[in-house]
Amino acid sequence: MREIQFREALREAMTEEMKRDSTIFLMGEEVAEYNGAYKVSQGMLQEFGAGRVIDTPIAELGFTGIGVGAAMNGLRPIIEFMTFNFSLVAIDQIINAASKMMQMSGGLFNIPIVFRGPTASAGMLAAQHSNAFENWYANCPGLKVIVPSNPADAKGLLKSAIRDNDPVIFMESEQMYGDKGPVPDGEYLMPIGIADIKKTGNHVTIVSFGKMMKVALQAAEILQTEHQIDAEVIDLRTVRPIDYHCIIQSVKKTNRIVIVEESWPLGSIATEVAFKVQKDAFDYLDAPILRVMGADTPMPYAPTLIQEYLPNPARVISAVKSVLYQN
């Protein structure tokens, strides 16, 4: 095992796969000459050349369309968005082309493409650069949506995404690129669609993904040490497909669930998980399902308002105590 940064884990995944398969290329704004906006692709231009690490204009719709067309013709593109907020410019190509082409062509065209880049908030970036769109893309049949929370998962899941024959949305956190964590030596892949129990427990299930896992785990630690509440914490890792089996088995043990997610409440991943739990584990529930979400408003700029907007350990602890009837 090695301790490496999140960005390094992503770079290793792309580099290993590009060495293995000459049809893979990386394309996006500043990925080549500038070594990536967040230095994820640092050194890759020197290693693979301008034919496989390609700088683009600020034209997401254009280069996303090029990527989809390349995937239809036997290549395996990795399309980097500087932020998934900018993917809205290209959403027609992602939804109406990439996700539907397999069905619309009667199985003639696979679209082996990865769309990756940072999602959700990252400091004081205000409303237009802070949106969490995981649930938007997870709502679309034909796409797989991955949101890793640590370097090891990021590397193993990105390698699997690159090898997948379907379009994959791979969403990272700008605030996690510098995070360090243990990553296995050598090549490894992680299966898409399998959740991970980060902490076992008996009193309540906490479900989250991406950078909100930090909030969930911090809350679980405080609950354990200060309140003697033993929380089980599940990292979904992928939000399409969702590992419902893992969640349901945990709820059958703990009889309570709190879901933590950064996005707006309506139509969220948390809403879908809550539906599935009440449908398949209703008789095991000893309390209502609670969600801890981002505020139902555009992201503010002021840091004091951001603190009020985002889920935090205190809000998670309050929700857990509520489902345990301790408030």
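Our structure is the block above this text.
Overview of the structure. Computed from a predicted model, the values in this text were never measured in an experiment.

**Describing the packing of aromatic side chains**
Moving on, step 1. One pass over the structure, following the stated rule, counts seven aromatic pairs.
Moving on, step 2. Arranged with centres 6.3 Å apart and planes meeting at 35°, the rings of phenylalanine 63 and phenylalanine 81 form a pair that is tilted. Separated by 18 residues along the polypeptide, phenylalanine 63 in helix α3 (residues 60-72) and phenylalanine 81 in the loop between β4 (76-80) and α4 (91-98) bring together distant segments of the chain. Phenylalanine 81 carries the same exposure label as phenylalanine 63, and that label is buried.
Moving on, step 3. Aromatic pair phenylalanine 81 and phenylalanine 115: ring centres 6.2 Å apart, planes at 10°, arrangement stacked. Taken as a pair, phenylalanine 81 in the loop between β4 and α4 and phenylalanine 115 in strand β5 (residues 114-118) lie far apart in primary sequence, 34 residues in all. Comparing phenylalanine 81 with phenylalanine 115, the two get one shared label, buried.
Moving on, step 4. Three or more aromatic residues link up through ring pairs in this structure, and these residues are Phe63, Phe81, Phe84, Phe115 and Tyr137.

**Structural notes on unusual backbone geometry**
Moving on, step 1. The amide bond that connects arginine 240 to the next residue, proline 241, takes the cis arrangement and shows omega of 0°.
Moving on, step 2. Residue placement: proline 241 occurs in the loop between β12 (238-240) and α9 (244-254).
Moving on, step 3. Notably, alanine 120 is not glycine yet its phi reads approximately 65°, a positive angle.
Moving on, step 4. Unlike most non-glycine residues, glutamine 228 shows phi in positive territory, near 55°.
Moving on, step 5. Along the chain, glutamine 228 turns up in the loop between α8 (212-227) and β11 (231-235).

**Comments concerning the sheet that holds strand β10 (residues 204-208)**
Moving on, step 1. Judged by pairing direction, the sheet is mixed, and its five strands sit side by side in the order β9-β11-β10-β13-β14 without closing on themselves. Each edge of the open sheet is held by one strand with a lone partner, namely β9 (196-199) and β14 (290-292). Across the sheet, the mean angle separating the axes of adjacent strands is 25° when strand polarity is ignored.
Moving on, step 2. Looking at chain direction, β10 and β11 are connected through five bridges and run parallel. Residue threonine 205 lies in a different strand from β11, and its bridge partner there is glutamate 232.

**Digging into the sheet that holds β4**
Moving on, step 1. On the basis of which strands lie adjacent, the open sheet formed by seven strands has the order β3-β2-β4-β5-β7-β6-β12 and mixed pairing. Unpaired on one side and paired on the other, β3 (53-55) and β12 mark the two borders of the sheet. Strand after strand, the sheet turns through a mean of 20° between neighbouring axes, direction not considered.
Moving on, step 2. Bridging between β4 and β5 involves three bridges; their strand directions are parallel.

Definitions and limits used
Residues numbered from 1 in each chain as written. Predicted model: local features only at pLDDT ≥ 70, side-chain atom pairs only at ≥ 80, totals over all residues. Heavy atoms only, no water. Phe/Tyr/Trp six-rings, centres within 6.5 Å; stacked < 30°, edge-to-face > 60°. Helix = DSSP H or I, 4+ residues; strand = E, 2+ residues; numbered from the N terminus. Buried < 20%, exposed > 50% of the residue type's maximum accessible area, 1.4 Å probe, protein only. Pairing = 2+ DSSP bridges. Axes fitted to C-alpha atoms, helices over the stretch in contact; angles between N-to-C directions.

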